[in-house]
Structure formats: structure tokens, C-alpha cells
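# Structural features, examined
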Amino acid sequence: MNGPQLSELPDDSEQLEPYVISLRRTALQAAELSAVRTFSDGFLIKFLRARDFDVDLSLKLLLNYQRWRRESPEISGCLSPLSVLGLLGTSYHGVLPQRDHSGSRVLVYRIGQWNPKDWSAFQVFRVSLMTSEIISMETQTQRRGLKAIFDLQGWSLGHALQINPSLARKISSVLSDSFPLKVRGIHLVNEPMFFRPVFAMIRPFLPDKIKQRIHMHGADYHDTLGDFFSPDILPPEYGGEGPGVEEVCQDWTNQLLQKEKLLQQIATHPTADIAITADDSLTSGEAETERPSEG
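Residues numbered from 1 in each chain as written. Predicted model: local features only at pLDDT ≥ 70, side-chain atom pairs only at ≥ 80, totals over all residues. Heavy atoms only, no water.

As recorded in an unreviewed UniProt entry, the protein chain goes by Alpha-tocopherol transfer protein and comes from Seriola dumerili. According to UniProt, the comment filed for the protein chain under the heading Subcellular location (unreviewed entry) is "Cytoplasm". (UniProt positions renumbered as here; feature names shortened; annotations may be inferred.)

## Some words on the overall build of the protein chain
Broken down by element type, the protein chain carries 15 helices and 5 strands. Here the protein chain has a C-alpha radius of gyration of 18 Å; the compact-globule value for 295 residues is 19 Å, and the two agree. Across its three principal directions, the C-alpha atoms of the protein chain cover 50 × 40 × 40 Å. Each of the 295 residues in the protein chain was classed as buried or not, and the buried ones make up 54%. Across the protein chain, the fraction of contacts at a sequence separation of at least 24, relative to all contacts at a separation of at least 6, is 76%. (Helix = DSSP H or I, 4+ residues; strand = E, 2+ residues; numbered from the N terminus. Rg over C-alpha atoms; globule rule 2.2 N^0.38 Å. Buried < 20%, exposed > 50% of the residue type's maximum accessible area, 1.4 Å probe, protein only. Contact = heavy atoms within 4.5 Å.)

## With respect to the UniProt feature "domain: CRAL-TRIO" (unreviewed entry) in the protein chain
Taken from the UniProt record, the annotation "domain: CRAL-TRIO" (unreviewed entry) applies to residues 80-246. Taken as a whole, residues 80-246 contains 35% helix and 16% strand, while its terminal C-alpha atoms sit 22 Å from one another.

## Regarding the sheet that holds strand E1 (residues 93-95)
Judged by pairing direction, the sheet is mixed, and its 5 strands sit side by side in the order E1-E2-E3-E4-E5 without closing on themselves. Of all strands in the sheet, those bounded by a partner on one side alone are E1 and strand E5 (214-218). Ignoring which end each strand starts from, the neighbouring axes of this sheet average 15° apart. Here 3 bridges tie E1 to strand E2 (residues 105-110), and the two strands are oriented antiparallel to one another. The partner of His93 across the bridge, within E2, is Tyr109. Each of E1, E2 and strand E3 (146-151) is contacted by helix H7 (residues 121-135), which is oriented at about 170° to E2, the strand it contacts most. In this fold helix H14 (residues 245-258) packs onto E1 and E2, with an angle of close to 85° to the strand it touches most, E1. (Pairing = 2+ DSSP bridges. Axes fitted to C-alpha atoms, helices over the stretch in contact; angles between N-to-C directions.)

## Things to note about the pattern of salt bridges
The full count for this structure, using the stated rule, is 14 salt bridges. Linking Arg70 and Glu32 is a salt bridge whose minimum nitrogen-to-oxygen distance equals 2.9 Å. Of this pair, Arg70 sits in helix H4 (residues 55-71) while Glu32 is found in the loop between helix H2 (17-29) and helix H3 (41-50), placing the two residues 38 residues apart along the sequence. Within the structure, one salt-bridge network assembled from shared partners comprises Glu32, Arg67 and Arg70. (Salt bridge = Lys/Arg side-chain N within 4 Å of Asp/Glu carboxyl O.)

## Remarks on the pairing of strand E4 (residues 183-189)
Summarising burial for E4: 7 of the 7 residues are buried, a large majority. Pairing of E4 with E5 involves 4 bridges; the strand directions are parallel. Residue pairing in the sheet places His187 in a bridge with His215 of E5.

## Here we look at H7
Taking 1.5 Å per residue as the helical rise, H7 with its 15 residues ought to reach 21 Å, and the 22 Å between its terminal C-alpha atoms agrees with that figure. In terms of burial, H7 is largely enclosed, as 13 of its 15 residues are buried. (Expected span 1.5 Å × (residues − 1).)

## Quick notes on the packing of H3 against H4
Between H3 and H4, the shortest axis-to-axis distance is 8 Å and the interhelical angle comes to 120°. Between H3 and H4 lies a crossing of right-handed hand. Here H3 contributes Phe43, Leu44, Phe47, Leu48 and Ala50 to the contact with H4, which in turn contributes Val55, Ser58, Leu61, Leu62 and Tyr65. Class assignment of the residues belonging to the contact of H3 with H4 gives a composition of 9 nonpolar, 1 polar and no charged. (Left-handed = near helix turned anticlockwise from the far one by under 90°. Nonpolar A, V, L, I, M, F, W, Y, C, P; charged D, E, K, R; others polar.)

## Observations regarding the environment of Ile135
By the secondary structure assignment, Ile135 is in helix H7. Judged by its relative accessible area of 0%, Ile135 falls in the buried class. Along the chain, Ile135 and Ile266 lie 131 residues apart, while their C-alpha atoms are 13 Å from each other. The residues contacting Ile135, other than those within four sequence positions of it, are Arg105, Leu107, Thr141, Leu146, Leu181 and Trp252.

## A closer look at the packing of aromatic side chains
Taken as a whole and judged by the stated rule, the model has 12 aromatic pairs. Centroid distance Phe47 to Tyr65: 5.4 Å. Interplanar angle 70°. Geometry classified as edge-to-face. Of this pair, Phe47 sits in helix H3 while Tyr65 sits in helix H4, placing them 18 residues apart in sequence. Across the pair, Tyr65 and Phe47 agree in class, each one buried. (Phe/Tyr/Trp six-rings, centres within 6.5 Å; stacked < 30°, edge-to-face > 60°.)

If you want it as C-alpha cells, here you go:
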């Protein structure tokens, strides 16, 4: 049975057990992880699914994840939605309630809602990390990954000045090799000419696979986003027939606030046995039937 086939099995499948045991054993032997003594099954399976059950690649991803957290305490050390409630309240970010045709989660970021005078790039990045930690606990998202729509309407010099090479490297690491999620597509809309220098700063750090999944739609996104997403899941603001983007962002903000305690647990003990309970469950799009995997 190959990696994608293993990924389709439930977490408690006996066929996954040898891979979980092997990854736990090698992780406990890694000198870089000597301070960590507990790796829950659920935590390890996230990394195994992200690398199609290749234990060596999964260990490398886990090491990168732990290293990234250590080197970015200003982002990973505080995963409290309340700490960025003002930013969330601007409808800056949301997750569409329905998955796309391939089963991927679809995230929306509205850069123009971020006032760089009020919120630093680190705080903005923290919002993304909170969402990533939550959706990475969803089995279907582990299998199908995510796609993101970045609306750059309102991008200004103030935003650009917040992005330095160090932060660009941190962003690219999360997109490529430091987080247990498969990035299936990045869609930029309303990108102005003066966004390109910032993108040029990030691009060299990205692997070819991610570069090939970046799509620039410009101001004609109403026509082109439909080539990638079904209209019934997209907000009307992006040429779709789904819930409005303000509603989407408010709903996701409420979901994050409901997971304040869960996120604080993740920030403190990311490798522990943390699960989304019935009260924490993400109901949006989770009742859909499984769809074929994509590469």
C-alpha cells in the first residue's frame, strides 16, 4: 500500500501503527528533540500524512516544525485569538465554509483590512498560524491540503515595509517545509505593481512545486478564479454564489475564539495528545463526502 492509500485510512487503523511507532522512535532519538519526551499518535500522523507516510521525510518535517517554533517565539509563543481580536474584527481573514472540488480547505486573506500602523506583520502571521494549527487537526485537510486566496486590494508601502528578508524566510518555510499541511494552491488577486518587489523577496525561498502553484489573477479575478474554484463555494465578492466574505470572516473569527483554550494548549505543548472535541469540532464543510486525492 502506497503513501496516498495509507493516508486514506483512519487514524486508528492497525496498518498505520508501524509508521507511527517508527516515527516516534526516530523522533525520540533525535538530539534536536531531546527536550521533548512525548509525541502523541495524532501529532505524528499529521506529519506522516503531510509526507505520504515516508518516515524519513516526516521526521525532517517534524524537525523543521520544531525548529521554526523555537526560532519564531514572537509568532508561535502566543496563539491567543483574543490577542489579535481587533485585527480579526476587521474581517481580514476567514475560511470558506465549504471545501473545494478536491476537498481542500480554502482560506481567504484580505490584506487591505490590515492596518500596518495598528498591527505588526508578526501579529498578522500569528492569525495564519492559528488557523493552520486548527485545520491541520482535521483528517480531511491532512489528506487534501489547503488553498489560499490573498486579496491584495489596498496593499501599500506601509505593508511592504513590514516584510523584511527574515520574515520572508519564515513565511516561505511555513509554505514549503516547516508545517504539516499540503499547500495545493496560492491565488493572488488585485495585486498592484509595487507588490512585486515583496513577492520577489519571498520567491527564492520557495521550492519549485510551490512556485508552480502560485497564480496571479490581477483585477480580472472574477473571470479566472472560476477556473480553479466552483462558484457555489466562493463569496460573491470573488465571483461566486456562496456566503459573503464579511460573513465568512466573522464566522471564522467566532470559531477561533471558541478554540482559545485549545490554541493555548497547542502553543504550550504542541506534541501532546490534543484533539478537537465535539464542542470544538469544525462543522463547516466537514460533513462532505470524501473526494479523490490530487497530487
